[in-house]
Amino acid sequence: MIAAPTASLNVNTGVNTNSSNDDVRQLIQRYQAAGQGHLFKFYDDLNDDDKAKLVAQLEALNVERVNRIHQKATTCPSPMLNNQSATLAPLPEECFDSILEASKDKTQEWQTIGLNQISQNKVAVILLAGGQGTRLGSSAPKGCYDISLPSNKSLFQIQAERIFRLQELAQQQPGAVANVTIPWYVMTSGPTRPATVAFFQENNYFGLSSDNIVFFEQGTLPCMTFDGKIMMESKSQVAVAPDGNGGVYAALRGTGVLANMAERKIEYLHAYCVDNCLVRVADPVFIGYCVSKNADCGAKVVRKSAPDEPVGVVCLRNAAFNVVEYSEIDEDVAHATNPKNGQLLYSAANIVNHFYTTDFLNKVESFEGDLEYHIARKKIKTLDMQTGDVIAPKQVNGMKLEMFVFDVFPFTERMAVFEVDRQEEFSPLKNAPGTGADCPETSRRDILQQHVRFFEAAGGKIVVGEDDDQLEGTPTLELSPLVTYSGEGLAEIVSGKSIKTPIRVNSLEELKRAVF
């Protein structure tokens, strides 16, 4: 395991014993000049350790940048105009393809290109894993969550095993390097990092080499009042929050991950969110498609299920690629159809599943100051600057500023958008058990249904056993990702044969013994 240092945007809470009185006076003057001198109001009440902690935190914070971000977020007009049909445009045909429409030969061509890149150790993965499972009733990182598959595998384990299997497939490519590896860069938040690292260690990194797993933290930004004042959570601590999944770009740079990629000679990255149980990690078809288009940035999308489905859409906004939220699209635009095929004009639903070249990631710093920050109005536990008491507000009292991972899309020079089959590649885990949508039950159902499709497409037959409870109406057949990444390698074993459920299969040898 390689543990990258914390990002430069992260607040340093370590004690700084090297700040002289002159340094503190200069720091106070700097914050006063920035209109944030109130952060020192209770400084004289603190003991020496707490004084040092506050000074260290404020020295690490670029207060002028924070002010600029707040001003831009609160004063810049919304990019959406009333006449949305004039500012929005569908995706250009030359940058869009669909796996649903592609021939088998074309899909195989893309897959071969992708596997070849992986076989030369040119591909790595970025996992956005900063979230906790709070909505799921868990305080653990979301990637630790068990969706109650027969194997009780966590999301992290499912994804790790897909990487393991894909490394095996790429190793079989002609001319592959001696030891094919897909480095896994795991972005956590400050609160989830210790538990995430411990979970990987306790599970022996799920069979992957710890040398090729790099943990790094996303950055933070101070919470702000609506009039632009930085909030405090105590007399010695600024209130901070993660800077959104779009903070990944600064974190990659600030923690040395981009430098690590350069050392490994990585050229292409696949980035995704941890909560999609069907994600095809480092998908060679997607990688190959984007490489064939010479793209510097790519987005995997699914087709909207209905005009009013509450998802963001990848399209052109003011002639630049962007993700437009469903609340920003009026009804007429949402229902507009393509006269060529009758499909929705704006149907490319964003699933936070992206491709980048390392060259593009290195260029982000040059336009970072132009990226949008978004306001999330929240109830924030804060220090009452009049009384010095910590209060838990009952009403919204402040804002968290965050960037979205797709905010870089307008700056791409060569964008590629790739539509995939929703039932095969997208099943997000967002809601608590029992809610019926995007919940543990639907995640489990979608994986088991996919495994049934894999088996039947390979020419096998499912025999439902009397003791199979068929939760969510699906035969209980679980195929480990170590057995198959996306259905490959099954036909020679199962074609013309049957398997009885409930059963979970951990290896090809087990599969051979199970079929009859």
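Per an unreviewed UniProt entry, the recorded name for the protein is UDP-N-acetylglucosamine diphosphorylase, and the organism is Linnemannia exigua. Per its UniProt entry, the protein bears the Catalytic activity (unreviewed entry) comment "N-acetyl-alpha-D-glucosamine 1-phosphate + UTP + H(+) = UDP-N-acetyl-alpha-D-glucosamine + diphosphate". Quoted verbatim from the Sequence similarities (unreviewed entry) heading of the UniProt record, the comment on the protein is "Belongs to the UDPGP type 1 family."

A word on helix 1 (residues 21–33)
The first and last C-alpha atoms of helix 1 sit 18 Å apart over 13 residues, in line with the 18 Å expected at 1.5 Å per residue. Buried residues of helix 1: Val24, Leu27 and Tyr31, and no others. Summarising the axial view, the buried residues of helix 1 lie within an arc of 60 degrees, below the 170-degree limit, and thus occupy one face. In helix 1, the exposed positions that point more than 90 degrees away from the buried face belong to Gln26, Gln29, Gln32 and Ala33. Here the buried face of helix 1 lies against helix 2 (48–60) and helix 3 (63–75). Directly beyond the C-terminal end of helix 1, a positive phi value near 80 degrees is found at glycine 35.

A short note on the state of the cysteines
On inspection of all chains with the given rule, the structure shows zero disulfides. Just so you know, cysteine 95 is unpaired, no disulfide at all, and the nearest cysteine sulfur is the one on cysteine 290, 11 Å from it. For cysteine 95, a relative accessible area of 6% translates into the label buried. Free of any disulfide, cysteine 273 has its nearest neighbouring cysteine sulfur in cysteine 277, separated by 13 Å.

What counts, and at which threshold
- Residues numbered from 1 in each chain as written.
- Predicted model: local features only at pLDDT ≥ 70, side-chain atom pairs only at ≥ 80, totals over all residues.
- Heavy atoms only, no water.
- UniProt positions renumbered as here; feature names shortened; annotations may be inferred.
- Helix = DSSP H or I, 4+ residues; strand = E, 2+ residues; numbered from the N terminus.
- Expected span 1.5 Å × (residues − 1).
- Buried < 20%, exposed > 50% of the residue type's maximum accessible area, 1.4 Å probe, protein only.
- Arc of directions from axis to C-beta.
- Contact = heavy atoms within 4.5 Å.
- Disulfide = S-S within 2.5 Å.

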